[in-house]
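# Structural overview for review
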Amino acid sequence: MKNIVVFLGAPGAGKGTAAAAVAARTGARHVSTGAMLRDAVARGTPAGLEAKGHMESGGLVPDEVLYRMIAELLAETPDPATLFFDGFPRNEAQAEKLEQLAAESGATVASALLLDVSREALLERLGGRRVCPKCGAGFHVKSLPPKVDGVCDACGAALVVRADDRPETIAHRLEVYESATAPVIGFYERAGKLRRVDASGSAAEVAALVEAEVSR
Ligand SMILES: [Zn+2]
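Let us look at the structure shown here. (Residues numbered from 1 in each chain as written. Predicted model: local features only at pLDDT ≥ 70, side-chain atom pairs only at ≥ 80, totals over all residues. Heavy atoms only, no water.)

What follows deals with the environment of Arg195. For Arg195, the position within the fold is in strand β7 (residues 194-198). Spatially, the C-alpha atoms of Arg195 and Ala112 are 6.0 Å apart, while their sequence positions differ by 83 residues. Look past the residues within four positions of Arg195 in its chain and what remains in contact with it is Ser111, Ala112, Leu113, Leu114 and Glu213. (Helix = DSSP H or I, 4+ residues; strand = E, 2+ residues; numbered from the N terminus. Contact = heavy atoms within 4.5 Å.)

A separate point is the coordination of the zinc ion. Summarising the metal site, the zinc ion is bound by the protein donors Cys132 (SG), Cys135 (SG), Cys152 (SG) and Cys155 (SG), whose distances to it range over 2.2 to 2.3 Å. For Cys135, a relative accessible area of 41% translates into the label partly exposed. Taking the relative accessible area as the measure of exposure, Cys152 reaches 3% and is therefore buried. (Donors = N, O, S within 2.8 Å, 3.2 Å for Na, K, Ca; no water. Buried < 20%, exposed > 50% of the residue type's maximum accessible area, 1.4 Å probe, protein only.)

With that out of the way, let us pick up the sheet that holds strand β2 (residues 29-32). Read across the open sheet, the five strands follow the order β2-β3-β1-β4-β7; overall the sheet is parallel. The open sheet has two edge strands with one neighbour each: β2 and β7. Taken pair by pair, the neighbouring strands of this sheet meet at an average axis angle of 25°, ignoring direction. In the sheet, strand β1 (residues 2-9) pairs with strand β4 (residues 107-116) via eight bridges, with the strands oriented parallel. (Pairing = 2+ DSSP bridges. Axes fitted to C-alpha atoms, helices over the stretch in contact; angles between N-to-C directions.)

Here the focus is the packing of aromatic side chains. Summed over the entire model, instances satisfying the criterion amount to four aromatic pairs. Between Phe7 and Phe84, the ring centres sit 5.0 Å apart and the planes meet at 50°, which makes this aromatic pair tilted. Of this pair, Phe7 sits in strand β1 while Phe84 is found in strand β3 (residues 81-86), placing the two residues 77 residues apart along the sequence. Residue class for Phe7 comes out buried when judged on its relative accessible area of 2%. Ring centres of Phe85 and Phe88 lie 6.5 Å apart, and the angle between their planes is 65°; this geometry places the pair in the edge-to-face category. (Phe/Tyr/Trp six-rings, centres within 6.5 Å; stacked < 30°, edge-to-face > 60°.)

Another aspect to go through is the pattern of salt bridges. By the definition in use, this model includes 16 salt bridges. As a salt-bridge pair, Arg29 and Glu76 come within 3.8 Å of each other at their nearest N and O atoms. Of this pair, Arg29 sits in strand β2 while Glu76 sits in helix α4 (residues 63-76), placing them 47 residues apart in sequence. Assessed through its relative accessible area of 37%, Glu76 is described here as partly exposed. Two residues, Lys147 and Asp153, come together in a salt bridge whose shortest N-O distance is 4.0 Å. When its relative accessible area of 37% is taken as the criterion, Asp153 is described as partly exposed. Each of the salt bridges in this network shares a partner with another, and the network as a whole consists of Arg29, Asp39, Arg43 and Glu76. (Salt bridge = Lys/Arg side-chain N within 4 Å of Asp/Glu carboxyl O.)

By the secondary structure assignment, Thr45 is in the loop between α2 (33-43) and α3 (46-56). Ignoring sequence-local partners within four residues, the contact set of Thr45 consists of Ala40 and Glu72.

To continue, consider unusual backbone geometry. A cis amide bond, omega 0°, links Asp79 with the succeeding residue Pro80. Residue Pro89 is bonded to the preceding Phe88 through a cis peptide linkage, with omega at -5°. Here Pro89 lies in the loop between β3 and α5 (92-104).

This is how it looks when you write it as structure tokens:
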């Protein structure tokens, strides 16, 4: 059996971090949409070549191409397997399509894990991020502070706030998430597949709760 576990959560909830950590411990395959795209393009799969064309002309990759890419990935994944989907589905239409794609390749969407964090905690997490513009090192004013305030530990450059992490952008990202993804939560709730995980703790605590949930 190929079991798909969908990771849901707002920006800053730690989906990618938790999915990667638990995949490494359990042998599950972590499928982040961005990495899947880059990999399909790099390997030159049929869907990858099509996506490349759209990306080179500056456009978004259409859902139809993404769906073919997921079908390719499910077909090439040996049975049995557990796949953690991180970044897909992003809306209800994609969630419905995933059920169909899974059924066509002998897979099942076993559950959807919602990493639950309060809005205040998300704002603190996202707003506290600092990056080094020179070497790319990442810091956080609370959870991962540099040794000297505002200075990169690795190379000494002055740290900056990414455009994505400025307060007005954060508010917009959370609104986009609320409007597009809330229906996806409802979709899995109606299907009896939604599992809520308290994601307010540290990355290690969240990973432990996620692991317990997917190992049931
Ligand atoms: Zn640096």
